[in-house]
Each structure stands twice: as structure tokens, then as C-alpha cells.
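The lines below spell out each chain.
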Amino acid sequence: MKLKNEFKPIRDWARARGIFKKGDPKTQYIKLQEEAGELAKALLKNDEPEIIDALGDCVVVLVNLSELCGYKLEDCINEAYSVIKKRQGKMENGTFKKNQ
């Protein structure tokens, strides 16, 4: 997998609103936790429109957070995938458990 610039419109939106100029990684991380909480609530309620909205919001915040930290989210995803694509393991209780 080689993502390159899939999140450009999000970066353009954030740049136009001063998020990259005046934003702070710590407050963006707090925003990510807020969005993750909304996702948890939507999952518990099985509220599909809210699940979709919360997932999207999490991605937007991750794009902004990674940019504020000096990274491109695509590069972070590509790096993570280069590691996990070789992982072996099994599903346990609905979660993939990697072999040690």
C-alpha cells in the first residue's frame, strides 16, 4: 500500500482556518479523544450515521494532529502497514492478537 496525498482537501480546509498556524498537538489530541468518545457512544447505540460521522471526524483530527507534529498521515499509515502486513496471529474475542 502506498498512500500519497489522499488527505489534501482536509489539510487545505485546516490551513484556511489557521489550524496549522495556531494549533497545538496537545489540544488536537484532546479533540481526538473527544471524537473517540463520540464513536464509542455511537457504537454502543449501534447508530450507523453517528458511527460514520465519528469515524470521519477522527480521521480529520488525525490528519491535523499528524501535520502539527510534522508528519503526513499517509506516511504514518504506510509505515504502520509495512510492519503489520507481515504479522501473524489469530482472532480472539473479536480482536486480532498478534503472535509474539
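All of these numbers come straight from a predicted model, not from anything done at the bench.

Judged by side-chain polarity, Met 1, Tyr 81, Val 83 and Ile 84 come together as a nonpolar surface patch covering roughly 350 Å² of accessible area. Checked against the element boundaries, Met 1 lands in the segment before α1 (8-16).

It is worth spelling out the environment of Val 59 at this point. Checked against the element boundaries, Val 59 lands in helix α4 (residues 48-68). Classification of Val 59 by relative accessible area gives partly exposed; the value is 33%. In this structure the C-alpha to C-alpha distance between Val 59 and Leu 73, which are 14 residues apart in sequence, comes to 9.3 Å. Sequence-distant contacts of Val 59, defined by excluding residues within four places in its chain, comprise Phe 7 and Leu 73.

With that settled, consider helix α3 (residues 25-45). With 21 residues, α3 extends 30 Å from end C-alpha to end C-alpha; this agrees with the ideal 30 Å at 1.5 Å per step. Every buried residue of α3 is listed here: Gln 28, Leu 32, Glu 35, Leu 39 and Ala 42. The buried residues of α3 occupy one face: seen down the axis, they fall within an arc of 80°. Of the residues in α3, the exposed ones pointing more than 90 degrees away from the buried face are Lys 26, Ile 30, Lys 41, Leu 44 and Lys 45. N-capping of α3 is provided by Asp 24, with a side-chain oxygen placed 2.8 Å from the backbone N of Lys 26.

Reading the values: rules and limits
- Residues numbered from 1 in each chain as written.
- Predicted model: local features only at pLDDT ≥ 70, side-chain atom pairs only at ≥ 80, totals over all residues.
- Heavy atoms only, no water.
- Patch = residues over 30% accessible without salt bridge, like charges linked within 9 Å, V, L, I, M, F, W, Y side chains within 5 Å.
- Areas by Shrake-Rupley, 256 points an atom, 1.4 Å probe, with all protein chains shown as cover.
- Salt bridge = Lys/Arg side-chain N within 4 Å of Asp/Glu carboxyl O.
- Helix = DSSP H or I, 4+ residues; strand = E, 2+ residues; numbered from the N terminus.
- Buried < 20%, exposed > 50% of the residue type's maximum accessible area, 1.4 Å probe, protein only.
- Contact = heavy atoms within 4.5 Å.
- Expected span 1.5 Å × (residues − 1).
- Arc of directions from axis to C-beta.
- Polar contact = N/O pair within 3.5 Å; in protein donor to acceptor, adjacent residues only side chain to side chain.

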